[in-house]
Amino acid sequence: MTISVAVIGTGAIGMDLINKIHRSLTLNCRLLAGRNQHSAGFDIAARFGYPTSADGIDAILAAPEPFDVVFDATNAMSHVEHWERLRPLGTLLINLTPCHLGQMIVPTVTGADALTDRHVSLISCGGQASIPIVHALSQRFQIEDIEVVATVASNSVGRATRINIDEYVETTQIALSTFTGVPNTKAILNISPAVPPAMFRVTIFAGIVGATTEKVSSVVAAAADKVRAFAPGYTLTACRVIDGRVFISLEVVASSKVMPEYAGNLDIINSAAILVAEQYAAHQYQSQSLVV
């Protein structure tokens, strides 16, 4: 069974989403909508034979039938309007902006819970990389505080992300606390101008009562393996404990025909979004089978 999907946003995230949708056996892209008719995203969609429109959200609403899923790859401010206008249609809206709207989803943590709401949030790239790890640790240890530092290459950060840094920090911190029960959390986003571009890296610092490197490493490695099942470029590069302070380093290498390897920040959030949409497609198929 395939379901109809649309993408709104033609920047780097939208481009990679189109590429990943094209590889999916269950997602049928019927529209890429944006505002800049000269965007490279339109060229990617045309190469795959997908319809495009420069009418933005209006094009989504003007479709003959509502899409099963719409991926919003625009910005936090626009997402508020998009949700209000799409809400009556019953479409599953997957929020890839750092706007704190929608049920927060981290695939290896929430699983099928993603299917209980028609509006879901993928939080942020730093959240998708770090939350599977800190959530797993919170199930085994008492955590006193968490700090997550994400470093992204300047070349992989578009205008929307730059104007939404405050929203990124706030939403990521809320998610860290929500999924761990730890009130004292901090999120930092570093945009690196380094040449050659820096790989996407996430560093986690945490105070954990009674932690040892051996105990923490086994938990972290198991959590990382689950993420790697849908984001193969996700790698644990360091894990150690010194005087009760846990230090964990992660790196994500992008796997995409339309993005460089250093754009792992885009790859991990898009990979999570595709997985959620495919889970939704499977849920729809099962529901229809039960009705029959």
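All of these numbers come straight from a predicted model, not from anything done at the bench.

Caption draft 1: Structural detail: the sheet that holds strand E10 (residues 200-208). Reading across from one edge, E9-E8-E10-E12-E11 is the order of the five strands in this open sheet, with mixed pairing throughout. On the outer flanks of this sheet lie strand E9 (185-192) and strand E11 (234-242), each paired with one strand and no other. Pairwise comparison of adjacent strand axes, ignoring direction, gives a mean angle of 15 degrees for this sheet. Sheet analysis places E11 next to strand E12 (residues 245-252), joined by eight bridges and oriented antiparallel. Residue pairing across strands places valine 241 opposite valine 246, the latter belonging to E12. Those strands touched by helix H6 (residues 125-138) are strand E8 (143-153), E10, E11 and E12, and its axis lies near 30 degrees from that of E10. Across the face of the sheet, helix H9 (residues 213-228) comes into contact with E11 and E12 while running at roughly 165 degrees to E11.

Caption draft 2: Spotlight on the domain arrangement of the protein. On domain assignment, one finds that the protein holds domain 1 (3-122 + 268-290) and domain 2 (125-261). A separation of 24 Å is found between the C-alpha centroids of domain 1 and domain 2. Every contact between the two is made by 26 residues of domain 1 and, on the other side, 27 residues of domain 2. Between domain 1 and domain 2, a total of about 2,200 Å² is buried, with carbon and sulfur atoms accounting for 73% of that surface. Our enumeration of links across domain 1 and domain 2 arrives at zero salt bridges. Across the contact surface, domain 1 and domain 2 share six residue pairs in polar contact (both at pLDDT 80 or more). When residues of the side of domain 1 that touches domain 2 are traced back to their parent elements, those giving at least two are helix H1 (12-23), helix H5 (107-110) and helix H10 (264-291). The leading source of residues in the side of domain 1 that touches domain 2 is H1, at six residues. Among the residues making up the side of domain 1 that touches domain 2, the classes are represented as 16 nonpolar, seven polar and three charged.

Caption draft 3: Focus on the sheet that holds strand E3 (residues 52-53). Pairing is parallel across the open sheet formed by seven strands, whose spatial order is E3-E2-E1-E4-E5-E7-E6. Two strands lie at the open edges of the sheet, namely E3 and strand E6 (103-104), each paired on one side alone. Where strand E1 (residues 3-8) and strand E4 (residues 69-72) come together, four bridges link them in parallel fashion. Paired with isoleucine 8 across the bridge in E4 is aspartate 72. H1 contacts E1, strand E2 (27-33) and E4 of the sheet and is inclined by roughly 160 degrees relative to E1.

Caption draft 4: Inspection of the UniProt feature "domain: Acetaldehyde dehydrogenase C-terminal" (unreviewed entry) in the protein at higher detail. Under the UniProt annotation, the feature "domain: Acetaldehyde dehydrogenase C-terminal" (unreviewed entry) is placed at residues 125-260. In residues 125-260, the share of helix is 38% and the share of strand is 33%. The end C-alpha atoms are 16 Å apart.

Caption draft 5: Structural detail: the UniProt feature "binding site: NAD(+)" (unreviewed entry) in the protein. Taken from the UniProt record, the annotation "binding site: NAD(+)" (unreviewed entry) applies to Thr10, Gly11, Ala12, Ile13 and Asn265. Those annotated residues lining the largest pocket are, specifically, Thr10, Gly11, Ala12, Ile13 and Asn265. Following the sequence through the fold, threonine 10 ends up in the loop between E1 and H1. You can see alanine 12 is positioned in helix H1.

Caption draft 6: Expanded view of the pairing of E12. Counted residue by residue, E12 has six buried out of eight residues, so it is predominantly covered. The pairing of E10 with E12 spans eight bridges and is classified as antiparallel. Of the residues in E12, the one forming a bridge with glycine 207 is arginine 245.

Caption draft 7: Region of the structure containing the layout of surface pockets. Of the voids in this model, the largest pocket is the one considered here, and its volume is about 930 Å³. Along the walls of the largest pocket sit 45 residues, with Gly11, Ala73, Thr74, Ala160 and Thr161 positioned nearest its centre. When residues of the lining of the largest pocket are traced back to their parent elements, those giving at least two are H1, helix H4 (76-86), helix H7 (159-163) and H10. Each residue belonging to the lining of the largest pocket can be placed in one class, and the counts come to 24 nonpolar, 18 polar and three charged. Mapped onto the domain boundaries, the lining of the largest pocket takes at least three residues apiece from domain 1 (3-122 + 268-290) and domain 2 (125-261). Estimated volume of the second largest pocket: approximately 250 Å³. Elements with a contribution of two residues or more to the lining of the second largest pocket: H1 and H10. Broken down by element, the lining of the second largest pocket gets its largest block of residues, five residues, from H10.

Caption draft 8: Quick peek at the packing of aromatic side chains. For the coordinates displayed, the defined rule picks out two aromatic pairs. Geometrically, the ring pair formed by phenylalanine 48 and tyrosine 50 is tilted, given 6.0 Å between the ring centres and 50 degrees between the ring planes. With a relative accessible area of 22%, phenylalanine 48 lands in the partly exposed category. Assessed through its relative accessible area of 14%, tyrosine 50 is described here as buried. Measuring from ring centre to ring centre gives 5.7 Å for phenylalanine 205 and phenylalanine 247, while their planes differ by 50 degrees; the resulting arrangement is tilted. Highlighted residues: phenylalanine 205 in strand E10 and phenylalanine 247 in strand E12, separated in sequence by 42 residues. Among the residues examined, phenylalanine 205 registers a relative accessible area of 29% and is labelled partly exposed. What makes phenylalanine 247 partly exposed here is its relative accessible area of 22%.

Basis of the calculations
- Per chain, the residues get numbers from 1 upward, laid out in the order the sequence is written.
- Under the rules for a predicted model, residues below a pLDDT of 70 receive no local features and side-chain atom pairs below 80 are neither given nor counted, while totals for whole chains, interfaces and linings still include all residues.
- To obtain the side-chain values, all non-hydrogen atoms of the structure were included, while hydrogens and water were left out.
- Strands are treated as partners if at least two bridges between them are detected by DSSP.
- Starting at the N terminus, helices and strands are each numbered in turn, a helix being any DSSP run of H or I of at least four residues and a strand any DSSP run of E of at least two.
- Lines are fitted to the C-alpha atoms to define the axes, a helix being fitted only along its stretch in contact, and any angle between axes, read from their N-to-C directions, falls within 0 to 180 degrees.
- Between two residues, a contact is recorded if the distance between any of their heavy atoms is within 4.5 Å.
- By convention here, the domain bounds are inherited from an automatic or database domain assignment.
- Buried area: the sum, over both parts, of the accessible surface (1.4 Å probe) that disappears when the two are put together.
- Take a side-chain nitrogen of Lys or Arg and a carboxyl oxygen of Asp or Glu: if they are within 4 Å of each other, that pair is a salt bridge.
- Nitrogen and oxygen atoms within 3.5 Å of one another constitute a polar contact, given that in protein one can donate a hydrogen and the other can accept it, and given that sequence-neighbouring residues count only through two side-chain atoms.
- Gly is put with the polar residues, along with every residue not named as nonpolar or charged; the nonpolar set is Ala, Val, Leu, Ile, Met, Phe, Trp, Tyr, Cys and Pro, and the charged set is Asp, Glu, Lys and Arg.
- UniProt positions are given in the numbering used here, feature names are shortened, and annotations may be inferred rather than shown by experiment.
- With a 1 Å grid spanning the protein atoms alone, the term cavity applies to any set of points in which a 1.4 Å probe fits but cannot get out, the term pocket to an open set with protein on both sides within 12 Å along at least five of seven lines, and the term lining residue to any residue with an atom within 4 Å of a point.
- For every residue, the accessible area obtained with a 1.4 Å probe (protein chains only) is divided by the maximum for its type, and the residue is called buried under 20%, exposed over 50%, and partly exposed between those limits.
- Grid points are joined across faces, edges and corners, and a volume is the space filled by probe spheres set on the points.
- Ring pairs shown here join Phe, Tyr and Trp side chains whose ring centres sit within 6.5 Å, with only the six-membered ring taken for Trp; geometry is labelled stacked below 30 degrees between planes, edge-to-face above 60, and tilted in between.

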